[in-house]
Amino acid sequence: MDAVELTTSRLLVRRFRASDGPGLHGYLSRAEAVRFEPYPPQSPADCDRLAVERAASPDFWAVCLGGSDELIGNLYLHRHEPLAWRTYELGYVFHPDHWGRGYATEAAAGLVSWCFEHQGAHRVEARCDPVNAASWRLLERLGCRREGHLLQNASFVDDAAGNPVWKDTYLYAVLAAEWGR
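Residues numbered from 1 in each chain as written. Predicted model: local features only at pLDDT ≥ 70, side-chain atom pairs only at ≥ 80, totals over all residues. Heavy atoms only, no water.

For the rest of this paragraph, the subject is unusual backbone geometry. With an omega of -5°, the peptide bond running from E81 to P82 counts as cis. With respect to the helices, strands and loops of the structure, P82 is situated in the loop between β4 (71-79) and β5 (87-94). Phi is positive for R86, close to 50°, though the residue is something other than glycine. If you trace the backbone, R86 turns up in the loop between β4 and β5. For R86, a relative accessible area of 44% puts it in the partly exposed group. The residue Q152 is not glycine, and still its phi comes out positive at about 45°. (Helix = DSSP H or I, 4+ residues; strand = E, 2+ residues; numbered from the N terminus. Buried < 20%, exposed > 50% of the residue type's maximum accessible area, 1.4 Å probe, protein only.)

Right, dumping it as structure tokens:
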């Protein structure tokens, strides 16, 4: 895997390291951080395992405060198949202690720019829960447009009777030709 590191004015966006488990635990253990994720709060052992998995994956990026190795969040950037579509999916989770400072927007903008400039992406899209206003506002700050409201298209948990609990999703996207306008 390439050793790409991206720097923004305040952040370092780098590949995960197998040793990032404690940093991951700092925020993935927090219920408010994973409220809209398809998994519950994570234990230290879960985060150690996830750090090893993410270090081996081209899809996950660690976000650190610039000039330090303090992990404050992560980005997800996955290339969809078929390759001819040149479409990537963006995701993000950040430490609640760092919310409201523009870090997620800054990190995501840096990674999306890199994706268009160096990966030849045509389109970057993201999905979020309509209830998660902070997430869809972030996507709008990035310049993404809301392309759809998908009804009951995702389920991460079952109810007491074992039936899926369905959630709606907003679909956002930005094209390479639109990026940076």
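Picking up where we left off.
The subject of this paragraph is helix α1 (residues 21-28). Burial in α1 covers these residues: G21, L24, Y27 and L28. Each buried residue of α1 sits inside an arc of 135° when the element is viewed along its axis, so together they form one side. Contacts from the buried residues of α1 go to α2 (44-55), β4 and β5. (Arc of directions from axis to C-beta. Contact = heavy atoms within 4.5 Å.)

Further remarks concern a nonpolar patch on the surface. Nonpolar side chains collect at one region of the surface, where F156, V157 and V165 lie side by side and expose about 260 Å² of accessible area between them. Looking at the element boundaries, V157 is found in strand β7 (residues 145-158). (Patch = residues over 30% accessible without salt bridge, like charges linked within 9 Å, V, L, I, M, F, W, Y side chains within 5 Å. Areas by Shrake-Rupley, 256 points an atom, 1.4 Å probe, with all protein chains shown as cover. Salt bridge = Lys/Arg side-chain N within 4 Å of Asp/Glu carboxyl O.)

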